[in-house]
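What the coordinates show
If you want the building blocks of each chain, they are given just below.
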Amino acid sequence: MSITEILFWGLSFLALFSAIMVVASKSPVHSILFLIVVFFAISGHYILLNAQFLAIVNIIVYAGAIMVLFLFVVMLMNLNAESEPKKNRILQFAGLISGGCLFLVLISAIIKSVSANNLVQMGGGDYGLIKNLGIVLFKDYVIPFEISSVLFLSAIIGTVVIGKKAE
Amino acid sequence: MLLAIDLAFIIEKLVLIVIVVMASLVIAMYATYGERKIAAILQDRRGPNRAGPFGILQPVADGLKLFFKEEIIPDFSSKFLFILGPSMAMLTAIMTGAVIPWGNKIHFFNRDISLQIADVNVGILYVFAVVSMGVYGIMIGSWASNNKYSLMGGLRAASQIISYELAMGISLIALLMITGTLSLKEMVAQQQAGYWNIFYQPLGFLIFLICAFAECNRTPFDLAEAENELIGGYHTEYSSMKLGFYLFSEYINMFVSSVIMATLFFGGYDIPFLNEANYDQNWMALFGLIALMTKVICLIFLFMWVRWTIPRFRYDQLMNLGWRILIPLALFNMLVTGALILLKQSNWHF
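Computed from a predicted model, the values in this text were never measured in an experiment.

1. As for the overall build of chain A
- Of the regular secondary structure elements, chain A holds 6 helices and 0 strands.
- In chain A, the succession of α and β elements from N to C terminus is α-α-α-α-α-α.
- Of all 167 residues assigned to chain A, the portion counted as buried reaches 13%.
- In chain A, the proportion of contacts linking residues at least 24 apart, taken out of those at least 6 apart, comes to 58%.

Next comes the structure, spelled out in C-alpha cells:
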C-alpha cells in the first residue's frame, strides 16, 4: 500500500463513521460536531485529488461558517432528546425510502463514471489549483457561473426582505 | 519497500515544525510579560519586577502557578467537550504557523532547506480556514461549561468573529488582485523585488488591522470576556491549565496575526534597501528572520498600545462598525483597486 492509499482508506473510514454518528448520536450538538468532522474528511479527499482550492473553500464555507450558525441555533434553542417532538411513523418511512432512492442514484452514477477506478489523482493533476479553476470558470463556463451568482444574489435579497418583515 | 518516503525530508520538516511550535509558545509567553510591562509603563507603574532581574522570569512563574492550581470540571457539563474546547483553541492558534515563510532557503548538509513548513498553493486561504475554525474552541468550551455567562460570552465571540471575517476577506481580495497569487512566499518575493504592499493598499491594511483586533478578541473588541457584564466570559468555569490554554491561545493568535500582517503588507523577511542576492545565503536568512521579528514585535506593541489606550466598545457599536462601516469601506477599496488595475493595463487611457 502506498501512502496515498493509506490516507484514502483512513479518510473514507473517518468520513463514513462520522456520517453515521451524525444520525446516531443523541445530542444535537454532538451531531453537529460529527458533521464538521465529515467536512474535514471530505476536504482531505479533495486534497488527495490535488483540488486544494476546493478543499480549503469547503472548510472555510461549510465547516467555518455554516456549521457555526448551526451550532449557534442549537445552542440558543438548547435542543435535547426530551424536548424533541415525536415524528409521524409514515413520515419517517417516507424519508427512509426517498433517502434510499437518492443513495441508489448516486451509487449508480459513481459506478458508471469514467474515473471510478481512479479515485486518487497522483502528481501532475493540477486542474484543481486556483489558477486553472479560474480559467475554466471564467472562459468555458461563464454563463452558468454568472447565473448561479444571480441566484445567490436573489437569496441574499430574500433573507434581507424576510429579516425586515420580522421587525 | 512498503512506504517510499524520503527520510531526510521528514526529519527536516519535523525539526522545522518543532522549532516553529516552540518558538511561537515562547514568544507568546514573553508577550504576556511584555503586555504587563507595557501596561505598567502606560499607567506609570513598575510592572512585574520580583521574579528574576526586571521580572524576566515572571511568565515561567505564571505558568507554574497555573499548573499547580486545582482543576475543576463542572458536574453538569459534557466532560469531553469541556476538555475539547481549550484544546481546539490552542490547536488552531498553533496550526497557522505552517504556511508562514520565516525566511528564504538556507544551505546545510548539502541541502537547500526552505524555512517554511509548507508552501501550499492556497497559502492565505489556509490561514483563513484555520482562523475560522478558531471559533469552535470558544463556542464548544462556552457551551460545555453549562453556564449562561459562558454561553453569552461564546455567542458574542462567535458572532463577532463571523462578522469581521467578511470585511477581512474583502480587504484581502483587493490585495490578492494586486499580487495575483495566494502563496505567501510568492508575495514576499514580489515585495522584495518591488515596493511593500502597504504602499499599494493603505486602506486595505487599516481594515485588515481592525479586523485582526476583532478576530483575536482583543480590546477594544473583547466583549466576549467583558468582566463587568459577563464575569469571565466564555472561560468563567475554567480553571488551572485549561484556563491557561485559553489565555495563552489569545497571545499566540496575536503573534500569528502580527506575522501574517508583516508578511502581507510589510514585506515579510525582506530587509529594506538591501539586495539579498548579493550576500551569503545563510546569513541573509538569519538577518531576514531578524527583520521579520522586528516588524512582528512592532505590530505586537501596537496591539498592546491600543489595548491600554482605547476603552471597550458597546455591542451595538461593534456590530455597526463591522457591518455598516468596515464592509462598505472594504468593498469601496476593492472597487477602486480593480478600477486602477484595469486603467494601468490600458496604459492609463479611459
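2. Examining the overall build of chain B
- Within chain B one finds 11 helices and 2 strands.
- Overall, chain B shows an N-to-C arrangement of helices and strands of α-α-α-β-β-α-α-α-α-α-α-α-α.
- A compact globule built from 350 residues would reach a C-alpha radius of gyration of about 20 Å, and chain B, at 21 Å, matches this within 12%.
- Taken over the C-alpha atoms alone, chain B extends approximately 65 × 55 × 55 Å along its principal axes.
- Buried residues in chain B amount to 43% of all 350 residues.

3. Overview of the interface of chain A and chain B
- Each side of the interface is counted separately: chain A has 16 residues, and chain B has 18 residues.
- In terms of residue count, the dominant contributor to the side of chain A that touches chain B is helix 3 (residues 52–77) of chain A (12 residues).
- Looking at the side of chain A that touches chain B residue by residue, the class counts come to 14 nonpolar, 2 polar and no charged.

4. A closer look at the nonpolar core
- Ranked by internal contacts, the top residues of the largest apolar core, which has 105 residues, are A:I56, B:L125, B:A129, B:A167, B:C211 and B:F255.
- Ranked by residue count, the leading element in this core is helix 4 (residues 123–144) of chain B, at 16 residues.
- Among all residues touching B:A167, those that are not within four sequence positions of it are B:I207, B:C211, B:G322, B:L326, B:I327 and B:A330.

5. Observations concerning the packing of helix 4 of chain B against helix 5 (residues 148–179) of chain B
All names here are of chain B.
- Relative to each other, helix 4 and helix 5 sit at 170°, their axes nearing to 8 Å. Comparing their axes, helix 5 and helix 4 come out roughly antiparallel. Between helix 4 and helix 5, the residues in contact are I124, F128, S132, V135, I138, M139, S142 and W143 and S150, L151, G153, G154, A157, A158, I161, E165, G169 and L172, respectively.
- A per-class count over the contact of helix 4 with helix 5 returns 11 nonpolar, 6 polar and 1 charged.

6. Overview of the confidence of the model for chain B
- Scored by pLDDT, chain B comes out at a mean of 83, with 96% of its residues at no less than 70.
- Confidence estimates for the predicted assembly give a pTM of 0.84 and an ipTM of 0.80.

7. Here we look at helix 4 (residues 89–112) of chain A
- Taking 1.5 Å per residue as the helical rise, helix 4 of chain A with its 24 residues ought to reach 34 Å, and the 35 Å between its terminal C-alpha atoms agrees with that figure.
- By the criterion of burial, helix 4 of chain A is predominantly exposed, with just 0 of the 24 residues buried.

8. A word on unusual backbone geometry
All names here are of chain B.
- In this structure, D44 takes a positive phi of about 60° despite not being glycine.
- Within the element layout of this structure, D44 appears in the loop between helix 1 (7–42) and helix 2 (58–68).
- Its identity is not glycine, yet F54 carries a phi of approximately 55°, on the positive side.
- Relative to the helices and strands, F54 resides in the loop between helix 1 and helix 2.

9. So, helix 6 (residues 184–193) of chain B
- Residues of helix 6 of chain B that are buried: B:L184, B:K185, B:M187, B:V188, B:Q191 and B:Q192. Each buried residue of helix 6 of chain B sits inside an arc of 160° when the element is viewed along its axis, so together they form one side.

10. Comments concerning the packing of helix 3 (residues 79–95) of chain B against helix 9 (residues 240–265) of chain B
Residues and elements named next belong to chain B.
- For the pair helix 3 and helix 9, interaxial distance at closest approach is 9 Å and the crossing angle is 20°. The angle between helix 3 and helix 9 places the two elements in the roughly parallel class. Our pair here, helix 3 against helix 9, has a crossing hand that is left-handed. Counting all contacts with helix 3, which are made through P86, A89, M90, A93 and I94, the residues of helix 9 involved are K242, F245, Y246, F248, S249, I252, N253 and V256.
- Taken together, the residues that form the contact of helix 3 with helix 9 break down as 10 nonpolar, 2 polar and 1 charged.

11. Some points on the environment of B:N121
- By the secondary structure assignment, B:N121 is in the loop between strand 2 (111–113) and helix 4.
- Setting aside residues up to four positions removed in sequence, B:N121 forms contacts with A:Q52, A:L129, A:I130, B:L182 and B:S183.

12. Examining the environment of B:V122
- Relative to the elements of secondary structure, B:V122 occurs in the loop between strand 2 and helix 4.
- Residue class for B:V122 comes out buried when judged on the 20 C-beta atoms lying within 10 Å of it.
- Expressed as a C-alpha distance, the spacing of B:V122 and B:L340, which sit 218 residues apart in the sequence, is 25 Å.
- The contact partners of B:V122, leaving out residues within four places of it in the chain, are A:Q52, A:F53, A:I56, A:I130 and B:L182.

Rules behind the numbers
- Residues numbered from 1 in each chain as written.
- Chains lettered and ligands numbered in written order.
- Predicted model: local features only at pLDDT ≥ 70, side-chain atom pairs only at ≥ 80, totals over all residues.
- Helix = DSSP H or I, 4+ residues; strand = E, 2+ residues; numbered from the N terminus.
- Buried ≥ 20, exposed ≤ 12 C-beta atoms within 10 Å, placed from the backbone.
- Contact = placed C-beta atoms within 7 Å.
- Rg over C-alpha atoms; globule rule 2.2 N^0.38 Å.
- Nonpolar A, V, L, I, M, F, W, Y, C, P; charged D, E, K, R; others polar.
- Core = buried A, V, L, I, M, F, W, Y, C linked by C-beta atoms within 7 Å.
- Axes fitted to C-alpha atoms, helices over the stretch in contact; angles between N-to-C directions.
- Parallel < 35°, antiparallel > 145°, perpendicular 65-115°, else oblique.
- pLDDT = per-residue confidence, 0-100.
- Expected span 1.5 Å × (residues − 1).
- Arc of directions from axis to C-beta.
- Left-handed = near helix turned anticlockwise from the far one by under 90°.

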